[in-house]
Amino acid sequence: MAIRDWPIKRKLTAILLLISGLVLVLTSAAFVTYQVVTFRNTMRDNVATRSRILAANSTAALAFANEADATELLGALKYDPHMVAAALYDRNGRILATYPPAAAADLVPPAPQPDGYRFEGGRLVGFTPVAQGGNQRLGTLYIASNTKAVSDALRLSGIIAVVVLAIAMLAAYALAAVLQGRISAPILALAETATAASTRQDYSVRAPKFGEDELGTLTDAFNQMLGRIEEQKKELQQHAKILEQRVAERTQELEHRNEALRRNTAELLAANTELDAFAYSVSHDLRAPLRSIDGFSQVLLEDFATQLGDAGRDSLHRVRAASQRMATLIDDLLKLARVTRTEMRTERVDLSAVARDIVGDIQRATPDRQVEFTIAPGLEAEGDARLLRVVLDNLLRNGWKYTGKQPQPRVAFTAVDENGSRVFVVKDNGAGFDMQYADKLFGVFQRLHSAAEFEGTGVGLATVRRIITRHGGRIWAEGVVDQGATFYFTL
Amino acid sequence: MNPGKILLVEDNPDDVTLTMRALKSHNITNEVVVAQDGVEAIDYLFGTKVRPAAADLPAVVLLDLKLPKVNGMEVLQRIRSEERTRLLPVVILTSSDEERDVMDGYSLGANSYVRKPVDFVEFTKAAQQLGLYWLLMNQAPPSPRAP
């Protein structure tokens, strides 16, 4: 595992151990170095002292060049196990005696070297002057001691240092294991809490606080954050609950409405079916008696004209007129009913073309009346072509009819744009109407003129309004008596 | 060659009387056979167990729609489904101008659809034109062999 992936506990312990180890090693090194230096100095002093004593004792032997005495003197060195070799040189640098007596050439230098004591090749070697009376030099004493004592001391120091180091490191480790907890425990607790919050989505958990240090501040901030999240979660859940409740309420409401709508639709369907049957029956059955009334009246008029007399013939003519008028009424009512019943097919309708067509029909049917029709080109609308034709047919024929007493009759079909929506206008300069009765214009069987003035059943405009309403549009009218009427409608 | 008969299928005796009068007033003297409902019309055209079918088919059938027992549409359907009467000219002569009736009538193979006007003068004109057209001007399909 890479060091950066170590758990904080291990990192902290490692840092503590590293620091204390480094300190200990440096301290031990200093201690050992001091030991070695001190020991070497002591040893050199000892060797120097011994050399001076021996040198003082050797003056006589050297002065008389007494080899035997010299050898004996040097032989005493055997009592010091560290002494490796020794030699006495005379004034001329010749060897007088050695220790051990037959010393190998590599143990004893052939000639004396400058005075002094030094460590050389693992040994302490010293050259001491041998003098008499303070200044007459008689020769030189050479002594070589092994440095086993130094290495022994060094080894001991080393062992002590290692043992101390080991004990200290163990203590440091134990201490670190305890003390790192002070830092790692809050961090670990934080980590644990964060994991719990993120994995279990449990925001009610809180990290324990260990102190008022930076970690304490961090823990506080973290706990605060958790608290806020918990609060928000609660709020959110509450909102969700309210929303759910609302949805449920709305759904129920909608279901109720749907149910009501279904009932209404069913009722409407039943009513429509009934109306359908009614209209069908009317269409077939109501006209038959009228045909008989009219037919047999005519038979009477044809076969019994002379017996009837003028009054009788007049009566029969009235009977016939009435039955025919009733037939027209029935037909108009059926048309009105049909407007409600027929299915609408929406398409783009060229109203101008339809209007021109209707005007053509009117003019062909009544060539003796001269009415000036004006139709604006390019008027189009979305709607059911057949029903819109009924609208224009009624409005244009109305214009034609009510301008009957006008010397210069004019009827115009145009459109204006009002508040962004198209308003179609059918305007005439005919009989017009009193605005006081404007709301009665579009009612079934409502007429503002007598049949003697202008014939009609009072169904046409009702039909028109029903068609406009079915298209989602609006129709209204303006009029001035004897000056004309204007019909506006939107689709 | 026999002048063709007219089969008038009509349940309303007033209408029968008026139709006959209208036809006669224009010197249409062809024999008129009246069937008062759909069953009678079918019996006349196709026969029953006790009576054979009419030997000669009528030149034209004037068919009302609203009839007791079997209505006009069913009669028309029967006429068009039988090989013998498949091409028989049928004019629907009725009170209604319901779009449904007109569409159904033509879909089932009616040759013509005429709405009876309430105005008897108009009605007479219509009857005259029908008679003139179907009995005199129209070239009838070749008479099929009797079964």
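Refer to the structure printed above.
Small disclaimer: the values here were computed from a predicted structure and weren't measured.

### A closer look at the interface of chain A and chain B
At step 1: Counting from both sides, the interface comprises 15 residues of chain A and, opposite them, 15 residues of chain B.
At step 2: Counting only elements with at least two residues in the side of chain A that touches chain B, the list comes to α5 (214-303) and α6 (305-341) of chain A.
At step 3: The element that contributes the greatest number of residues to the side of chain A that touches chain B is α5(A), accounting for 12 residues.
At step 4: Residue classes in the side of chain A that touches chain B are distributed as five nonpolar, seven polar and three charged.

### A short note on the sheet that holds strand β1 (residues 83-90) of chain A
All names here are of chain A.
At step 1: Strand order in the open sheet formed by five strands is β2-β1-β5-β4-β3, and the pairing between neighbours is antiparallel. Where the open sheet ends on each side, the last strands, each with one partner, are β2 (95-99) and β3 (116-120). Across this sheet, the average inter-strand angle for adjacent strands is 15°, counted without regard to direction.
At step 2: As paired elements, β3 and strand β4 (residues 123-132) share five bridges and run antiparallel to each other. For E120, the partnering residue across the bridge sits in β4 and is R123.

### Quick look at the environment of D101(B)
Residue and element names in this part refer to chain B.
At step 1: Inspection of the secondary structure puts D101 in helix α4 (residues 99-107).
At step 2: Along the chain, D101 and M73 lie 28 residues apart, while their C-alpha atoms are 8.7 Å from each other.
At step 3: Once residues within four sequence positions are removed from consideration, D101 is found in contact with L65, T94 and S96.

### Digging into the nonpolar core
At step 1: Grouped together as the largest cluster of nonpolar side chains are 42 residues, with contacts concentrated most on L351(A), A355(A), L388(A), V391(A), L392(A) and L396(A).
At step 2: Top contributing element to this core by residue count: helix α8 (residues 385-402) of chain A, with eight residues.
At step 3: Here this core gathers at least three residues from each of two domains, domain 2 (208-341) and domain 3 (344-489) of chain A.
At step 4: Once you skip the residues sitting within four places of it in the chain, L351(A) turns out to touch L379(A), E380(A), A381(A), L388(A), L392(A) and F424(A).
At step 5: Core analysis: the next-biggest nonpolar cluster, separate from the first, contains 37 residues, I42(B), L57(B), V90(B) and W134(B) among them.

### Topic: unusual backbone geometry
Residues and elements named next belong to chain A.
At step 1: That bond from Y99 to P100 is cis: its omega, -10°, falls within 30 degrees of zero.
At step 2: You can see P100 is positioned in the loop between β2 and β3.
At step 3: In this structure, N419 takes a positive phi of about 50° despite not being glycine.
At step 4: Summarising the element assignment, N419 is placed in the loop between β9 (410-418) and β10 (421-428).
At step 5: Within the chain, D482 stands out as a residue other than glycine whose phi angle is a positive 65°.

### Overview of helix α3 (residues 67-75) of chain A
Residue and element names in this part refer to chain A.
At step 1: Among all positions of α3, only A70, L73 and L74 are buried. All buried residues of α3 lie within an arc of 95° about the axis, which places them on one face of the element.
At step 2: Contacts made by the buried residues of α3 are with α1 (8-57), α2 (59-63), β1 and β2.

### Considerations on the sheet that holds strand β12 (residues 484-489) of chain A
Residue and element names in this part refer to chain A.
At step 1: Strand order in the open sheet formed by five strands is β7-β9-β10-β12-β11, with mixed pairing between adjacent strands. Because the sheet does not close on itself, it has two edges, and the strands there are β7 (372-375) and β11 (475-480). For this sheet, the mean angle separating the axes of adjacent strands, direction not counted, is 20°.
At step 2: Each of β7, β9 and β10 touches helix α7 (residues 351-365); the most contacted strand, β7, lies at about 165° to it.
At step 3: The sheet contacts of α8 involve β9, β10 and β12, and relative to β10 the element is tilted by about 25°.

### Points about the environment of D294(A)
At step 1: Along the chain, D294(A) falls in helix α5.
At step 2: If we skip the residues at most four places from it in the chain, D294(A) touches R320(A), S323(A), Q324(A), V118(B), D119(B) and F120(B).

### Things to note about the packing of α5(A) against helix α1 (residues 13-24) of chain B
At step 1: Relative to each other, α5(A) and α1(B) sit at 45°, their axes nearing to 10 Å. In terms of axis orientation, α5(A) runs oblique to α1(B). Pair α5(A) / α1(B) crosses with left-handed handedness. On α1(B), the residues that touch A288(A), R291(A), S292(A), G295(A) and V299(A) of α5(A) are D14(B), D15(B), L18(B) and R21(B).
At step 2: By residue class, the composition of the contact of α5(A) with α1(B) is three nonpolar, two polar and four charged.

Reading the values: rules and limits
- Residues numbered from 1 in each chain as written.
- Chains lettered and ligands numbered in written order.
- Predicted model: local features only at pLDDT ≥ 70, side-chain atom pairs only at ≥ 80, totals over all residues.
- Contact = placed C-beta atoms within 7 Å.
- Helix = DSSP H or I, 4+ residues; strand = E, 2+ residues; numbered from the N terminus.
- Nonpolar A, V, L, I, M, F, W, Y, C, P; charged D, E, K, R; others polar.
- Pairing = 2+ DSSP bridges.
- Axes fitted to C-alpha atoms, helices over the stretch in contact; angles between N-to-C directions.
- Core = buried A, V, L, I, M, F, W, Y, C linked by C-beta atoms within 7 Å.
- Buried ≥ 20, exposed ≤ 12 C-beta atoms within 10 Å, placed from the backbone.
- Domains from an automatic or database assignment.
- Arc of directions from axis to C-beta.
- Parallel < 35°, antiparallel > 145°, perpendicular 65-115°, else oblique.
- Left-handed = near helix turned anticlockwise from the far one by under 90°.

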